Amino acid sequence: MEPQIGPDGRPLPKVYRITNADESRIQYEMLDGINSLRRAAGAPEVSLNAQLNAAAATHSRDMSVQNRPWHFGSDGSSPIDRARRVGYQGRVLGENISETYETELETLAAWMERPETKQVILDPNARDMGFAWYQENNGKIWWTLVLGNSDMAGRPVS
């Protein structure tokens, strides 16, 4: 089957459709990608955390409802509030978000190009990772990445 050609003469992009069967593959691809980048930067690896995954999933869906990528929930919640609601007792160190039609690894590459989102990914204090998304019917994906450290629970922010 020939690719469809756009008015500029280039092939039209295909919509990246995520199925339920893709969930664990996507989460582990992102985890592997982030840990490769962290190792190269001399930072310790992170592990997937079910509570942070839940907080990320909630926020991805909420950004779709609000139709804007930002760090505050429709109820005014912050990344810290959302992590606490799902029982995460560690310290939330950062959150990256994206509204895109791109794959998870294209999104990771875009985050690494911006100093503020790269800093979240490479934070040497991070040990826990939550990663989730919400895909709309039109193919748009709302990605959320949350990094934290459960060993830093109760420590004052430095």
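As shown above, the structure is provided for reference.
A. Highlighting the overall build of the protein chain. Looking only at helices and strands, the protein chain features 5 helices and 4 strands. Mapped in sequence order, the helices and strands of the protein chain form the string α-β-α-α-β-α-α-β-β. Relative to the compact-globule value of 15 Å for 158 residues, the protein chain shows a C-alpha radius of gyration of 16 Å, a close match. Its C-alpha atoms give the protein chain principal-axis dimensions of about 55 × 40 × 30 Å. Relative to its 158 residues, the protein chain shows a buried fraction of 46%. Intrachain contacts of the protein chain at a sequence separation of at least 6 include 67% that bridge at least 24 residues. Of the accessible surface of the protein chain, which amounts to about 9000 Å², a share of 51% is contributed by carbon and sulfur atoms. Charge centroids of the protein chain, computed over 17 positive and 21 negative side chains, lie 4 Å from each other.

B. Structural detail: the packing of helix 1 (residues 23-40) against helix 4 (residues 104-113). Helix 4 packs onto helix 1 with a crossing angle of 30 degrees between their chain directions and a minimal axis gap of 10 Å. With respect to their mutual orientation, helix 1 and helix 4 come out roughly parallel. Two packed elements cross with a definite hand, and for helix 1 against helix 4 that hand is right-handed. Where helix 1 abuts helix 4, its residues Arg25, Ile26, Glu29, Met30, Gly33, Ile34 and Leu37 lie against Glu104, Leu105, Leu108, Trp111 and Met112. Across the contact of helix 1 with helix 4, the residue classes tally to 8 nonpolar, 1 polar and 3 charged.

What counts and how
By convention here, each chain's residues receive numbers from 1 onward along its written sequence. This being a predicted model, a pLDDT of at least 70 is required before a residue's local features are given, and a value of 80 or more before pairs of side-chain atoms are given or counted; all residues contribute to the totals for chains, interfaces and linings. Computation of side-chain values: all heavy atoms of the structure, hydrogens and water removed. We count a stretch as a helix when DSSP gives it H or I for four or more residues in a row; a strand needs E for two or more, and each element gets its number in order from the N terminus. In this setup the radius of gyration rests on C-alpha atoms only. A globule is expected at 2.2 Å times the number of residues raised to 0.38. For the exposure calls, accessible area comes from a 1.4 Å probe over protein chains only, and a residue counts as buried if that area is under 20% of its type's maximum, exposed if over 50%, partly exposed in between. We call two residues in contact when some of their heavy atoms are within 4.5 Å. In these tables, accessible area is a Shrake-Rupley quantity obtained with a 1.4 Å probe, and a residue counts as shielded only by the protein chains included in the view. Asp and Glu are treated as the negative residues and Lys and Arg as the positive ones, with His and the ends of the chain left uncounted. Lys charges are placed at NZ, Arg charges at CZ, Asp charges at CG and Glu charges at CD. What counts as an axis is a line fitted to C-alpha atoms, over the stretch in contact for a helix, and the angles between N-to-C directions run from 0 to 180 degrees. Here is the rule for angles: anything less than 35 degrees is roughly parallel, anything more than 145 is roughly antiparallel, 65 through 115 is roughly perpendicular, and the remaining ranges are oblique. Here is the rule for handedness: rotate from the far helix to the near one, and if that takes an anticlockwise turn smaller than a right angle the crossing is left-handed, while a clockwise turn gives right-handed. Ten residues, namely Ala, Val, Leu, Ile, Met, Phe, Trp, Tyr, Cys and Pro, are considered nonpolar, four, namely Asp, Glu, Lys and Arg, are considered charged, and the remaining ones, Gly among them, are considered polar.

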